[in-house]
Amino acid sequence: MDREAVWQADAVALADRVVSLLTVVRSAEAEIGALLVEIESRGVQELFGYRTTARLYEHLADVPHAAARRTVARAQALYSSDATPALAPATGAAAVTGSLSTPMIDTIIDAVSRIPATHRDTAEADLLTFAAEGGHKQVAALGARILAHLDPDGVEPDDTEPATPTRELSLRRKRTGTWELSGRFDDETGTRASALLDALAERRGADDLRSPQERYGDAFSDAVDLALNSPELPTQAGERAHVMVAVSLSDLKSGLGHATLGDTGLITAAEARLHACDCKLIPAVLGTHSEPLDLGRARRLISPGLRRALFLRDRGCAFPGCHRPPRHCQGHHIRHWAEGGPTDLANLVLLCGHHHRLLHRSGWQVRIATDGHPEFLPPRFLDKRRKPRRNNIHQPLPFAA
């Protein structure tokens, strides 16, 4: 369809063209899969010198190796070779016509792989018939029902001992400084983790404009903080688990420059100011080449007693509209301690991680009012008069005279 025809096409014609192109693409992908199985059958090393078919396809298609592996595995399930019969040959035949999407093919393969071999052909035919009208989620549900009907008791356990739950986690740092998290968990662990993150990821008032992904990312960070602050956390080399942040005093005061985080990380000095609000300090004297000359004893910036007083006064995150309880909060210096701000109740306010970051990075300001409780001044783009706001959710308790 040329450009002029595209402009003149109505909604039906545009959709029809998309569907016809998808059919061509899917049919071509199915043919590629059949060719990969043929290459695998003949011997990829003999034909091309590559150790695996996935490595060959990775370079031919210019795709990540993981994607290449998935493509080859899918093809092997759909098309027979001299050595291995196909797991879902009828699905392979339907794929050649271009009528099945990749998620649908994967769903059928997954369902068929769990069905006993004697019933696979019939089950695959039922799944393909249903796939013509239902989405891949409905097809997956049908596969589960078929399996439950054929094998209601499930796989017989090897012994009477409980099965080892599936718990796998990978956390790695990329060169860009971001971290990638991936894993698999059994249903119980996943349900508990979901309940925890759901509770921590709730929106915190009308001003909370974070996306769901941002809210769950912050929730994971809050969960890590809760674990690190737990008195039951195991020690490492005789100390509680911790992350060292190194920053010069001048950078900490100005908020400019950078700080080192742990062994390899790098954060801005502004972020270091945020962490320095409520932390354990280890004063260090550095030489001209940054070599440690003297290392003092660790001391807690906000003492346990002062923290309890904060809990009693603020009763949780003091930001207007936030419902986070004290255990999810950090102490924030209204006037930063690096600028001479005292670590006392009149210069501290309790904030959750999200609103702590917001206060450091936005036009919001906080102060202690004449009655001894914190109040917040919104940025001018929210309220030109900057009328003070308070959190009325936690119902602060007045201190006795």
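Relevant structure appears above.
Here the structure is a predicted model, which means the values were calculated and not measured. (Residues numbered from 1 in each chain as written. Predicted model: local features only at pLDDT ≥ 70, side-chain atom pairs only at ≥ 80, totals over all residues. Heavy atoms only, no water.)

Q: Would you mind showing me how to read the overall build of the protein chain here?
A: Assigned secondary structure in the protein chain consists of 15 helices and 15 strands. By the burial criterion, 31% of the 401 residues in the protein chain qualify as buried. Split by element, the accessible area of the protein chain, about 25,700 Å² in all, is 55% carbon and sulfur. (Helix = DSSP H or I, 4+ residues; strand = E, 2+ residues; numbered from the N terminus. Buried < 20%, exposed > 50% of the residue type's maximum accessible area, 1.4 Å probe, protein only. Areas by Shrake-Rupley, 256 points an atom, 1.4 Å probe, with all protein chains shown as cover.)

Q: Even after reading the chapter, I still don't get the nonpolar core, so can you show me in this structure?
A: Residues Leu 100, Ile 108 and Leu 127 are the most contacted members of the largest nonpolar core, which totals 24 residues. When contributions to this core are tallied by element, the ones reaching two or more residues are α2 (11-42), α5 (65-78), α6 (89-96), α7 (102-114), α8 (120-131) and α9 (136-150). For this core, the element with the most residues is α7, which contributes six residues. Non-local contacts of Leu 100, meaning those with residues more than four positions away in its chain, are made with Arg 26, Thr 91, Ala 94, Ala 95, Ile 105, Leu 128 and Ala 131. If you look at the next biggest cluster of nonpolar residues, it comprises 17 residues, including Leu 310, Phe 319, Cys 322 and Leu 350. (Core = buried A, V, L, I, M, F, W, Y, C linked by side-chain atoms within 4.5 Å. Contact = heavy atoms within 4.5 Å.)

Q: Help me understand the environment of Arg 172, please; the structure alone is not making it clear to me.
A: Note that Arg 172 resides in strand β1 (residues 167-173). Judged by relative accessible area, Arg 172 falls into the partly exposed class, the value being 46%. Between the C-alpha atoms of Arg 172 and Ser 182, which are 10 residues apart in sequence, the distance is 9.1 Å.

Q: Explain the pairing of strand β12 (residues 329-333) to me, please; I cannot follow it from the model alone.
A: On any regular strand, side chains alternate: one points to one face of the sheet, the next to the other face. Of all five residues in β12, four are buried; the element is thus mostly enclosed. Across five bridges, the pairing between β12 and strand β13 (residues 348-352) is antiparallel. Paired with Gln 330 across the strands is Leu 351, a residue of β13. (Pairing = 2+ DSSP bridges.)

Q: Quick question: what am I supposed to make of unusual backbone geometry here?
A: A negative phi holds for most residues other than glycine; trans holds for most peptide bonds. The backbone phi angle of Asp 62 is positive, close to 55°, even though this residue is not glycine. Locating Asp 62 in the fold gives a position in the loop between α4 (53-61) and α5. Taking the relative accessible area as the measure of exposure, Asp 62 reaches 70% and is therefore exposed. Residue Arg 315 is not a glycine yet carries a positive backbone phi of 65°. Relative to the helices and strands, Arg 315 resides in the loop between α14 (304-314) and β12.

Q: What am I meant to see in a nonpolar patch on the surface here?
A: Taken together, the side chains of Leu 169, Leu 171, Trp 179, Leu 181, Phe 185, Phe 220 and Val 224 define a hydrophobic patch exposed on the protein surface, amounting to about 720 Å² of accessible area. Only β1, β2 (179-185) and α11 (212-228) provide two or more residues apiece to the nonpolar patch. Here the element with the most residues in the nonpolar patch is β2; it accounts for three residues. Classification of Leu 169 by relative accessible area gives exposed; the value is 59%. (Patch = residues over 30% accessible without salt bridge, like charges linked within 9 Å, V, L, I, M, F, W, Y side chains within 5 Å. Salt bridge = Lys/Arg side-chain N within 4 Å of Asp/Glu carboxyl O.)

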